[in-house]
Amino acid sequence: MGSSSSSYAPKTVYLDVDGKVQKVVFSRHCSPCDIKELLCSSSNVPRNTAIMMVDPEGALVSIDPTMPTNSPNSLYKVVPLSTGQLGDKEDMFQNVLSQVADQFSRAFRINELKTEVTNRLAMLEKRVELEGLKVVEIGKCKNDLKKLRDEMTSRGGSRVNCPCKYNFDDGKKVTPRRDVPKYPKYTLSQDTIESLKKPTFDVWHWEHNEMLSCLEYMYHDLGLVKEFSMNPITLKRWLLAIQENYRSNPFHNFRHCFCVSQMMYGMIHLCNLQEKMTQTDMGILMTAAVCHDLDHPGYNNTYQINARTELAVRYNDISPLENHHCAVAFQILSLPECNIFANVDPEAYKQIRQAIITLILATDMARHGEILDSFKQKVDNFDFTNEEHVTCLKMVLIKCCDISNEVRPTEVAEPWVDCLLEEYFMQSDREKSEGLPVAPFMDRDKVTKPTAQIGFIKFVLIPMFETVMKLFPQIEEIMVQPLRDSRDHYEELKQIDDAMTEGSFVFRIRKDFDKHE
């Protein structure tokens, strides 16, 4: 799916900009508008300026994906056209229009397309006439199904129309973005740029558009746009498609996606990963972090399996959510206008795709023990030239980032606990109503914030981060110590809760005793 869209090599042209050679690379999927914007940017010409491009002999060169390539010895020149120039050179402008019309006619076979569209419309009209009766029959079938569904519901025990079950045929599809993305371009301050690299970054102060700009900055800062020859406009479209395919869940939403991606960006800098691993590894880590919870329905794998949802059936109860996140991620990348890896060699793209899938599947907490045990066996003699070692490290890194909220300052971390418990309680309420098993840590009648966090921090977070600390000692002060402080904080809260509960119990006993006296 994705590799076929990567099989087109990029196109390269060379420009004469103030006497210097300027190289411009673009995908064959680029629209003429995209190419014009790239040419303006490369030639220091303001955006939205009318331009034309000429070869060394002064002949006009078309500005579209079919333009002929040139060499550094035969440079094209971008010429801005002012209003005055257009008025003075009306004949030249008419000539340009004539050439453009001729090129468009040849490139898109307008007359042939008109004929084809007319013929197809005639065929469709006949089909509509022939199949009109079928539409009536389908309507009757739908009514019969609705009656049957209502009857099953009235008899009780049936879980129909569960809103958390993802339906692949419900019309929810990834929407391609062919327009130039419109989200505002924010200029990040130097303070913001520095704080983006730290776990203390406050993710609650940012709107979605600002988070998109921060993610875009990360890809540029890490050199990924250059490494993978990404079209900057395609990167914008991809990020917008990513944001649109995260649901508005209390916890598993686009802000969580940004939180995990920002922590990954921070760990890359903190652990100096660019010095130890390849740029391809950096792209895999960041892209997996961005995509890791795409289209999360807000109900975990346990629910999917117990409720026998379509996702559980589709993926045979094996990490149904994580498999779905991967599928949606590559459905987005399969769109040429959103494919940030379009200019990557097909064989290299296969390896990138497999690596991203491996990392997203590693975020299933059911595999936590297996993955951590494997990393523990390697960490004491870790070899960055060993592909198996590096893959295992990448799996642990995305796991760390996925559940890293307690690494952050209390005022940033604690609201995430409230969000997670809200999502848990929504699931447990549904499980109770559907007669499914309920996990105690999700039951609003049994769990408190301290009890929810203490065990998770002590037995999951601290052991994993301390293992990573063996390889990267510099994370102790910035990441491991905050986890220990967070554990102590929640243990103090639990002591206070226990004392209040005990005091309330004693008070009730005394009250009952006084009554009987």
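Residues numbered from 1 in each chain as written. Predicted model: local features only at pLDDT ≥ 70, side-chain atom pairs only at ≥ 80, totals over all residues. Heavy atoms only, no water.

With that settled, consider helix H20 (residues 449-471). Between the first and last C-alpha of H20 there are 32 Å, a value that for 23 residues agrees with the 33 Å anticipated at 1.5 Å per step. Bending of H20 peaks at approximately 45 degrees at the position of Ile457. (Helix = DSSP H or I, 4+ residues; strand = E, 2+ residues; numbered from the N terminus. Expected span 1.5 Å × (residues − 1). Bend = angle between axes of the 7 residues up to and from the residue.)

Here we take up unusual backbone geometry. Phi is positive for Ser229, close to 50 degrees, though the residue is something other than glycine. Along the chain, Ser229 falls in the loop between helix H8 (224-227) and helix H9 (232-244). Phi at Asp295 is positive, roughly 55 degrees, even though this residue is not glycine. With respect to the element layout, Asp295 can be found in the loop between helix H12 (279-291) and helix H13 (301-306). Accessibility expressed as a relative area gives 1% for Asp295, which makes it buried. (Buried < 20%, exposed > 50% of the residue type's maximum accessible area, 1.4 Å probe, protein only.)

Right, let's talk about the pairing of strand S2 (residues 20-26) for a bit. Looking at chain direction, strand S1 (residues 11-17) and S2 are connected through seven bridges and run antiparallel. Considered in S2, the bridge of Asp16 is made with Val21. The hairpin turn running from S1 into S2, its antiparallel successor, is two residues long, and Asp18 in that turn takes a positive phi close to 55 degrees. (Pairing = 2+ DSSP bridges.)

UniProt tags Asp293 as "binding site: Zn(2+) 2" (unreviewed entry). Here Asp293 shows up in the loop between H12 and H13. Asp293 gets classed as buried once you look at its relative accessible area, which sits at 5%. When neighbours within four sequence positions are excluded, Asp293 is seen to be in contact with Tyr246, His252, His256, His325 and Asp402. (UniProt positions renumbered as here; feature names shortened; annotations may be inferred. Contact = heavy atoms within 4.5 Å.)

Before going further, it helps to examine the nonpolar core. Residues Tyr219, Trp238, Phe341, Phe465 and Ile475 are the most contacted members of the largest nonpolar core, which totals 108 residues. If one sorts the elements of this core by residue count, helix H10 (residues 254-270) sits on top with eleven residues. Membership of the second largest hydrophobic core comes to 18 residues, among which are Val17, Val24, Ile51 and Tyr76. (Core = buried A, V, L, I, M, F, W, Y, C linked by side-chain atoms within 4.5 Å.)

Here we come to H10. An ideal rise of 1.5 Å per residue puts 24 Å on 17 residues; H10 measures up with 24 Å between its terminal C-alpha atoms. Of all 17 residues that make up H10, 16 are buried, and the element is covered over most of its length. With a side-chain oxygen positioned 3.1 Å from the backbone nitrogen of Arg255, the residue opening H10 is Asn253. Just downstream of H10 lies Asn272, where phi reads positive at about 50 degrees. (Polar contact = N/O pair within 3.5 Å; in protein donor to acceptor, adjacent residues only side chain to side chain.)

This part takes up the packing of aromatic side chains. For the structure shown, the criterion picks out 13 aromatic pairs. Taking the centre distance of 6.5 Å and the plane angle of 55 degrees together, the rings of Phe384 and Phe472 count as tilted. Of this pair, Phe384 sits in the loop between helix H17 (368-379) and helix H18 (387-402) while Phe472 sits in the loop between H20 and helix H21 (475-516); the two residues are 88 residues apart in sequence, bridging distant segments of the chain. Here the guanidinium or amino end of Arg353 rests over the ring plane of Phe330, the centre of that ring lying 4.6 Å away. (Phe/Tyr/Trp six-rings, centres within 6.5 Å; stacked < 30°, edge-to-face > 60°. Lys NZ or Arg CZ within 6 Å of the ring centre and 35° of its normal.)

What follows concerns the UniProt feature "binding site: AMP" (unreviewed entry) in the protein. Here, the residues flagged by UniProt with the feature "binding site: AMP" (unreviewed entry) are His252, Asn253, Phe254, Arg255, His256, Asp293, Asp402 and Gln453. Among the secondary structure elements, His252 is positioned in the loop between H9 and H10. Contacts of His252, omitting those with residues within four sequence positions, involve Arg247, Asp293, His296 and Glu423. You can see Phe254 is positioned in helix H10.

Another aspect to go through is the environment of Asp55. The topology assignment puts Asp55 in the loop between strand S3 (51-54) and strand S4 (60-61). Sequence spacing of Asp55 and Lys77 is 22 residues, and the spatial spacing of their C-alpha atoms is 6.5 Å. In this view, Asp55 contacts Val61, Leu75 and Tyr76; residues no more than four positions away in its chain are not counted. Side-chain polar atoms of Asp55 contact the backbone nitrogen of Ala59, separated by 2.9 Å.

Attention now goes to the environment of Val438. Secondary-structure assignment places Val438 in the loop between helix H19 (410-433) and H20. Given the relative accessible area of 28%, Val438 is considered partly exposed. Separated by 135 residues in sequence, Val438 and Tyr303 place their C-alpha atoms 9.0 Å apart. The contact partners of Val438, leaving out residues within four places of it in the chain, are Ser428, Glu431, Lys432 and Asp443.

For the rest of this paragraph, the subject is the sheet that holds strand S5 (residues 77-80). Pairing is antiparallel in the open sheet, where three strands are placed in the order S4-S3-S5. Whereas interior strands pair on both sides, the edge strands pair on one side only; in this sheet they are S4 and S5. Sheet analysis places S3 next to S4, joined by two bridges and oriented antiparallel. Residue pairing for S4: Met53 is matched across the bridge by Val61.

With that settled, the discussion passes to the confidence of the model for the protein. Averaged over every residue, the pLDDT of the protein is 84; the share at 70 or more is 77%. Confidence over residues 1-7 falls short of pLDDT 50; this stretch has 18 contacts with residues more than four positions distant or in other chains. Overall, residues 83-88 carries pLDDT values under 50, and its contacts beyond four positions in sequence, including any with other chains, amount to three contacts. (pLDDT = per-residue confidence, 0-100.)

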